[in-house]
Amino acid sequence: MAVAIRGARGGGSGGVGAGFRNFFSYRIFVSAMFSLLFIATATVLLTTRPSTTHQHSQRFRSGGNAYMHRTFVALNSDPLKTRLDLIYRQANDHITLVKAYAAYARKLKLDISRQLKMFDDLAKNFSDITSKPRYKSSLFETDGNLDEDVLRQFEKEVKDRVKFARLLIAESKENYDNQLKIQKLKDTIFAVRELLGKAKKNGAFASSIAAKSIPKSLHCLAMRLVEERISHPEKYKEDLPKSEFDDPDLYHYAIFSDNVIAVSVVVRSVVKNAEEPWKHVFHVVTDRMNLAAMKVWFKMRPVEGGAHVEVRALEDYKFMNSAYVPVLRQIESAKQRFYLEHKMENGTKDGSNTKFRYLEHMSMLNHLRFYLPEMYPKLHKILFLDDDVVVQKDLTGLWKIDLSGKVNGAVETCFGSFHRFSQYLNFSHPLIRERFNPKACAWAYGMNIFDLDAWKREKCTETYHNWQNLNVDRALWKSGTLPPGLITFYSLTKSLDKSWHVLGLGYNPSISMDVINNAALIHYNGNMKPWLDIAMNQYKNLWTKYVDNDMEFLQTCNFGV
């Protein structure tokens, strides 16, 4: 027990002394470390400050960047120096900007010499401000405090130049900023495309209206002819049919139209260019409304050279009824739906316009061309002509062409990928896709020599009826007579030389006059018909020279040709 106590005392005294000595040693160590850190810091400051001060002094004398750097590291800084630094930096930024625009102006080599000189002068003026003796001595080469009045004057000059630079850059930015120029060009192109699209739609609509409307002069002519018939019935008694109308040894033409003046031009142009006009027979078919006018015209103005003209109405052909003709059934059904929907809609919806145009294309005069063998059963060949053509050469050579067993002789219209079957028929429909080649070449209606014997042998009218029945919902083709014609005479058409039939005078202003002059027949297909005010002037005289200007009613009706 005693041993334990003595041990405890000895241990306690020794522990206190050791702790004291350890604490004292720690404080000495800390003090020594702080002293060494202080001495090291002071040494660095004393050894680096003079050289740094000298270095910044040199940089300051050589330019503003040295001054900017010195202001940040100087220990005794002037508050105005920070303000001077910001002003100088702003000026320096604008110097860089105007120099960049000046360099770009030189690269463009545009007519911008005035702007180029202004950019160069502006950059030079920015640099010259710091070189002024007053500013140089008071602001940039002084070790003391800055003069606030001088600084204020310096700031004013810099701000004036900055303002001018900004105005000049703002005015010139569109000329030098590629992104702005590209975006502005894109916006302009988009706007022009929008206007062009609208103009095309409006133009097409207006052209369509003009093409389908009856000019006042034509309406007047028809009325005068009917008036003549009513006033002098004894002059216009029905003639007996001529034997020439069924003579297969003569040259027969089929013309289906309700336009009196157009038909007369076709007939006159054929006769005037025929070597033996007395061998030519014209079968003109019109509707009941224009029948009297058509007959009076050819009675008053007999065809020269002894050619023969037969004028009949569509209604004279008794087989043309809805029980036999699919198009007549479709026209009657479509008219009923159209007028019913038109009445319900009060004619306000655009959809009715589409239906109306569809009915226009389904005019039976247009589809009469598919019944030529039934209309002229005693003939072997017949030349079908549209009423918007002009004949310039003798056409009798067409009857001498060997059609090689084909039904239809026509001029092909395809070139490259244009006017192929794929443009007229719906090849997404399986019936079309399985039967026809989308790359097959299309041909033109308007001048077609038909072998009526081959027609009967190939049963082309039945083929036409079958396809027309399948297209009751217009899923195979939209409208018109060319698509069903392409189908009916598929693989039954012989290609004729293009000089026989030149198309496009009703829409294409760039047809070569050499091509036109060498053509046997020219065709004003398109909306710009030669009897309309919208006709193209460069082609109009080719039509008007066959107009019978001696006809008294043309002068009375002010028919402008």
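An unreviewed UniProt entry annotates the protein chain as Hexosyltransferase originating from Gossypium barbadense. The Sequence similarities (unreviewed entry) comment attached to the protein chain in UniProt states, word for word, "Belongs to the glycosyltransferase 8 family."

1. Overview of the overall build of the protein chain
A count of helices and strands for the protein chain gives 21 helices and nine strands. Taken over 561 residues, the protein chain has a buried fraction of 42%. Of the contacts formed within the protein chain by residues at least 6 apart in sequence, a portion of 74% connects residues at least 24 apart.

2. Structural notes on the packing of aromatic side chains
Following the criterion strictly, the structure yields 23 aromatic pairs and no others. For the ring pair F319 and Y371, a centre distance of 6.1 Å and an interplane angle of 45° mean the geometry is tilted. A residue pair is termed long-range when its members are at least 10 positions apart, and F319 in the loop between β3 (308-313) and α11 (326-345) and Y371 in the loop between α13 (364-367) and α14 (372-375) qualify at 52 residues. Judged by its relative accessible area of 21%, F319 falls in the partly exposed class. On the numbers, 4.9 Å between centres and 80° between planes, the contact of F436 with Y490 is edge-to-face. Linking F436 in the loop between α15 (430-435) and β7 (447-451) with Y490 in the loop between α18 (482-488) and β8 (493-495), this pair joins segments that are 54 residues apart in sequence. Take F436: its relative accessible area is 8%, and that puts it in the buried class. Taking the relative accessible area as the measure of exposure, Y490 reaches 27% and is therefore partly exposed. Over the ring of Y317 we find R312; its NZ or CZ atom is 4.4 Å from the centre of that ring.

3. Observations regarding the pairing of strand β4 (residues 381-385)
Regular strands place their side chains on alternate faces of the sheet. Across the five residues that make up β4, a large majority, four, are buried. Sheet analysis places strand β1 (residues 251-256) next to β4, joined by three bridges and oriented parallel. Counted as the bridge partner of A254 is F384 from β4. Bridge analysis of β4 against β7 gives five bridges, and the strand direction is antiparallel. When the bridges of β7 are listed, F384 appears paired with N448.

4. Remarks on the layout of surface pockets
Within this model, the second largest pocket holds a volume of roughly 580 Å³. Along the walls of the second largest pocket sit 22 residues, with D239, F245, V309, E310 and V311 positioned nearest its centre. Mapped by element, the contributors of at least two residues to the lining of the second largest pocket are α10 (288-300) and β3. With five residues, the top contributor of residues to the lining of the second largest pocket is β3.

5. Structural notes on the side chain of N290
With respect to the secondary-structure elements, N290 resides in helix α10. Side chain to side chain, N290 and D287 meet in a polar contact 2.8 Å long.

6. A look at the state of the cysteines
For the structure shown, the criterion picks out two disulfides. Two residues share a disulfide in this structure: C220 and C557, whose sulfurs sit 2.0 Å from each other. Between C220 and C557, the S-S dihedral sits near -75°, and the bridge is therefore left-handed. Residue C220 is found in helix α8 (residues 216-231), and its partner C557 is found in the segment after α21 (552-556); the two are separated by 337 residues along the sequence. When the cysteines engaged in disulfides are numbered in sequence order, the protein chain pairs them as 1-4, 2-3.

Rules used in this analysis
- Residues numbered from 1 in each chain as written.
- Predicted model: local features only at pLDDT ≥ 70, side-chain atom pairs only at ≥ 80, totals over all residues.
- Heavy atoms only, no water.
- UniProt positions renumbered as here; feature names shortened; annotations may be inferred.
- Helix = DSSP H or I, 4+ residues; strand = E, 2+ residues; numbered from the N terminus.
- Buried < 20%, exposed > 50% of the residue type's maximum accessible area, 1.4 Å probe, protein only.
- Contact = heavy atoms within 4.5 Å.
- Phe/Tyr/Trp six-rings, centres within 6.5 Å; stacked < 30°, edge-to-face > 60°.
- Lys NZ or Arg CZ within 6 Å of the ring centre and 35° of its normal.
- Pairing = 2+ DSSP bridges.
- 1 Å grid on protein atoms, 1.4 Å probe; cavity = no way out; pocket = protein on both sides within 12 Å on 5 of 7 lines; lining within 4 Å.
- Points joined across faces, edges and corners; volume = space filled by probe spheres on them.
- Polar contact = N/O pair within 3.5 Å; in protein donor to acceptor, adjacent residues only side chain to side chain.
- Disulfide = S-S within 2.5 Å.

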